[in-house]
Amino acid sequence: RVDVLSESQSLALDIGGSLAKIIYFQPDGANRRKEKTDGIPKLCIDYLDPKREGSSLSVRVPELNGTLHFFCFETRNIEDCIKFISEHYRQNGKEKRRVRATGGGSYKYDKLFSEVGVELTKLDEMCCTVAGLTFLLTHFDHEVFSFLYPDGSLPPPGLPESAPALAECRRFVDARPDPFPYLLVHIGSGVSIVKVTGHGQFERVSGSTIGGGTFWGLCRLLTNCKTFDEIIDLTKEGNNERVDMLVGDIYGGDYSKVGLGAGVIASSFGKVTMRKEPPPTFSNLRKAWRRVVCGTFWLWCDFMLNVPILGHFLRRLGLEKHLRSRIANIHFGKIFRAEDVALSLLRMISYNIGQIGYLNAKRYDLPRIYFGGNFIRDHPYTIASISYAVHFWSNGQTQALFLLHDGYLGALGAFLGGES
Ligand code: ADP
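**So, the pairing of strand β3 (residues 58-61)**
In the case of a regular strand, side chains alternate between the two sheet surfaces.
Thinking step 1. By the bridge criterion, four bridges tie β3 to strand β4 (residues 66-74) in an arrangement that is antiparallel. Paired with Val59 across the bridge in β4 is Leu68.
Thinking step 2. Adjacent in sequence and paired antiparallel, β3 and β4 are bridged by four residues, among which Asn65 carries a positive phi angle near 55°.

Set out below in structure tokens:
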């Protein structure tokens, strides 16, 4: 059932613990003057997700006679989100504007929105998330995909040195009029696992506290990264084998009797415990001293990147990425690189969620598992790790399914009125 807001241009919100997701609906023919050539309205363009592209950002929906645009703010910067909405949605004099909203933040920040003349119509989070996914499954042909390498193989234990471009590995599945029953594994700050058996019929059957917030929180503790995007970029240069204990580290090769190859992770972060403390020689002392000096220097660089003019200058010189990766490594120096720690964490959490997702699908005999939530956010390593976990634990019987708009299920459901 499609029941959009009555305003000619409308928006809906899903304010979670980490991100405030916005869907902006542009009816066909509206706002042409303000559009950029690629069809995205100017007002959204500054906020678009740099990690996504194409139809992940904007998609025309014939059934709605308009285009949906997707973007988000970090919840820790909720004032920016409120400012954006108050500036763009209170143009009609003093009249209060109503916006459909879901997620815990729609309760927590209700007053702040009200102060700037925006009234939130609160809708249940789980209803909205399921409604959003069911709409995507039944209406969007270019939405659901599984992950396979271009040669048709499934993700091996341990990702290839250089991950293939995600676009080459997506195998899209057409929309299906009757998508039920299915299992949704929603990986936001925490994880919700929901069994859906029909329109509006669902049950939250399980969940986990080990989710996207855990990954991001541990990354902040263990590295000096300031943003999630920095961490994601860092994982692309990581080698988790430097910190994870593999079957091969224990057996010196495969453990063939139970079908475990040498490259399979036996213990996430286990290799950290195998490290011997360096003997107190003069050369080791010199190395430790050098780390302190370098660390102090990179801390100064971190400070300079935050000074407006200086930071701008360093960015113009193209030094930011290099400096950021050095800064991220301050805690670990040359012992454990932030890149390797980040990748190991990403795999640990993705494997864990893939496994509990599969076990729940088996428990309720559900044929399809959809993974959503912004933890995934189009990152090929995350998608490959979850796919691998599902493939591994199901003995190749089940395939993990992903969504182009994985982070916007709740916002889409709110836009549709929270009913599926
Ligand atoms: P919630 O509704 O709990 O905020 P989301 O589905 O929006 O859940 O996912 C939040 C998770 O997405 C974070 O915990 C983090 O792992 C990941 N994430 C992706 N992009 C960002 C970002 N720019 N800032 C913070 N977290 C991000």
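**A closer look at the packing of aromatic side chains**
Thinking step 1. With the rule as written, the count across this model stands at 21 aromatic pairs.
Thinking step 2. Each ring, one from Phe215 and one from Phe228, has its centre 5.9 Å from the other, and the planes form 80°; the classification is edge-to-face. With Phe215 in helix α7 (residues 212-222) and Phe228 in helix α8 (residues 228-235), the pair connects residues that are 13 residues apart, well separated along the chain. Residue Phe215 shares its accessibility class with Phe228, and that shared class is buried.
Thinking step 3. Grouped by ring-pair contacts, the aromatic residues Phe145, Phe172, Phe371 and Phe402 constitute a single cluster.

**Observations regarding a positive patch on the surface**
Thinking step 1. Together, Arg286, Lys287, Arg290 and Arg291 give the surface a local cluster of positive charge.
Thinking step 2. Tracing the backbone through its elements, the reader meets Lys287 in helix α11 (residues 282-306).

**Some thoughts on the packing of α11 against helix α12 (residues 308-316)**
The angle between the axes and the distance between the axes are what describe a pair of packed helices.
Thinking step 1. Remark: α11 packs on α12, axes separated minimally by 5 Å, with the N-to-C direction vectors making an angle of 105°. Comparing their axes, α12 and α11 come out roughly perpendicular. Contact residues: α11 offers Met304, Leu305 and Asn306, while α12 offers Pro308, Leu310, Gly311, Leu314 and Arg315.
Thinking step 2. Tallied by class, residues from the contact of α11 with α12 come to five nonpolar, two polar and one charged.

**A word on the confidence of the model for the protein chain**
Thinking step 1. Residues with a pLDDT of 70 or more make up 87% of the protein chain, whose mean pLDDT is 87.
Thinking step 2. Scored below 50 in pLDDT, residues 1-6 makes 16 contacts in the model with residues more than four places away or belonging to other chains.

**Some words on the sheet that holds strand β7 (residues 144-147)**
Thinking step 1. If you trace the seven strands from one edge of the open sheet to the other, you get β8-β7-β15-β14-β9-β10-β11, paired in mixed fashion. The open sheet has two edge strands, β8 (170-173) and β11 (201-208), and neither has a second partner. Each strand of the sheet is rotated relative to its neighbour by a mean of 30°, with strand direction disregarded.
Thinking step 2. Pairing geometry for strand β9 (residues 182-187) and strand β10 (residues 191-198), over six bridges, is antiparallel. In the strand pairing of β10, Tyr182 is matched with Val196.
Thinking step 3. Across the face of the sheet, helix α5 (residues 125-139) comes into contact with β7, β9, β10, β11, β14 (369-372) and β15 (400-403) while running at roughly 120° to β9.
Thinking step 4. Strands β7, β9, β14 and β15 of the sheet are contacted by helix α15 (residues 380-393), whose axis makes an angle of about 155° with β15.

**Brief notes about the packing of α8 against helix α14 (residues 338-363)**
Thinking step 1. Contact pair α8 / α14: the axes reach a minimum separation of 8 Å and the direction vectors enclose 100°. Here α14 runs roughly perpendicular to α8, going by the angle between their axes. Two secondary-structure elements touch here, α8 through Ile231, Leu234 and Thr235 and α14 through Ala338, Glu339, Ala342 and Leu343.
Thinking step 2. Of the residues contributing to the contact of α8 with α14, the split by class is five nonpolar, one polar and one charged.

**A word on the side chain of Thr129**
Thinking step 1. For Thr129, the location among the structural elements is in helix α5.
Thinking step 2. Here the side chain of Thr129 touches Glu125 through a polar contact of 2.7 Å, landing on its backbone oxygen.

**Some remarks on the pairing of β14**
Thinking step 1. Here β14 shows a buried face lined by Ile369 and Phe371 and a second buried face lined by Tyr370 and Gly372.
Thinking step 2. Of the strand pairs in this sheet, β9 and β14 are connected by four bridges, and their pairing is parallel. Paired with Leu183 across the two strands is Ile369, which belongs to β14.
Thinking step 3. For β14 and β15, the ladder comprises three bridges, and the chain directions are parallel. By the bridge assignment, Phe371 is partnered in β15 with Phe402.
Thinking step 4. This β-α-β element, β14 to α15 to β15, shows right-handed connectivity.

**Comments concerning the site of the ligand**
Thinking step 1. For the ligand, the set of nearby residues contains 16 residues, the closest of which are Ser18, Lys21, Ser189, Gly212 and Arg377.
Thinking step 2. Separating an oxygen atom of the ligand from a backbone N or O atom of Ser18 is a distance of 2.9 Å.
Thinking step 3. A distance of 2.9 Å is found between an oxygen atom of the ligand and a backbone nitrogen or oxygen belonging to Asn374.
Thinking step 4. Coverage of the ligand by the protein amounts to 93% of the 570 Å² it exposes when considered alone.
Thinking step 5. Secondary-structure elements contributing two or more residues to the shell around the ligand are β2 (19-27) and α7.
Thinking step 6. Element by element, the count of residues in the shell around the ligand is highest for α7, at three residues.
Thinking step 7. Classifying every residue of the shell around the ligand gives four nonpolar, nine polar and three charged.
Thinking step 8. Domain assignment of the residues forming the shell around the ligand places at least three in each of domain 1 (10-135 + 410-415) and domain 2 (144-212 + 343-403).

Thresholds, definitions, all that
- Going along each chain's sequence as written, the residues are numbered from 1 onward.
- It should be noted that, the model being predicted, local features are given only for residues of pLDDT at least 70 and side-chain atom pairs only at 80 or more, the latter also being counted only at that level, while totals for whole chains, interfaces and linings use all residues.
- Only hydrogens and water are set aside when side-chain values are computed; all heavy atoms of the structure are taken into account.
- Two strands pair if DSSP finds at least two bridges between them.
- Put simply, DSSP H or I for four residues or longer makes a helix, DSSP E for two residues or longer makes a strand, and each gets a number counted from the N terminus.
- When the centres of two rings from Phe, Tyr and Trp lie within 6.5 Å, Trp using its six-membered ring, the rings pair. Their planes under 30 degrees apart give stacked, over 60 give edge-to-face, and anything left gives tilted.
- Each residue's exposure class comes from its accessible area (1.4 Å probe, protein chains only) as a fraction of the maximum for that residue type: buried when under 20%, exposed when over 50%, partly exposed otherwise.
- Excluding any residue in a salt bridge, patches collect residues exceeding 30% relative accessible area, merging like charges within 9 Å and nonpolar Val, Leu, Ile, Met, Phe, Trp and Tyr side chains within 5 Å.
- For the accessible areas, the method is Shrake-Rupley and the probe is 1.4 Å, while residue cover comes only from the protein chains on display.
- Salt bridge, as used here, is a side-chain nitrogen of Lys or Arg placed within 4 Å of a carboxyl oxygen of Asp or Glu.
- Only four residue types enter the charge count: Lys and Arg as positive, Asp and Glu as negative, with His and the chain ends excluded.
- Positions of charges follow a simple convention, taking NZ of Lys, CZ of Arg, CG of Asp or CD of Glu.
- With axes taken as lines fitted to C-alpha atoms, and helix axes fitted only over the stretch in contact, angles between N-to-C directions fall between 0 and 180 degrees.
- Angle categories: roughly parallel below 35 degrees, roughly antiparallel above 145, roughly perpendicular from 65 to 115, and oblique for all the rest.
- The criterion used for residue contact is that any of the two residues' heavy atoms lie within 4.5 Å.
- Following the grouping adopted for this structure description, the nonpolar residues are Ala, Val, Leu, Ile, Met, Phe, Trp, Tyr, Cys and Pro, the charged ones are Asp, Glu, Lys and Arg, and the polar ones are all others, Gly among them.
- pLDDT is a per-residue confidence score from the predictor, ranging from 0 to 100.
- Under this definition, polar contacts are N or O atom pairs within 3.5 Å; protein pairs additionally need one hydrogen-donor-capable and one acceptor-capable atom, and for neighbouring residues in sequence, both atoms have to be side-chain atoms.
- When the strands point away from the viewer and the path from the first strand over the helix to the second turns clockwise, the crossover is right-handed.
- We call a residue near a molecule or strand whenever a single non-hydrogen atom of that residue lies within 4 Å of it.
- Residue ranges assigned to the domains are those given by an automatic or database domain assignment.

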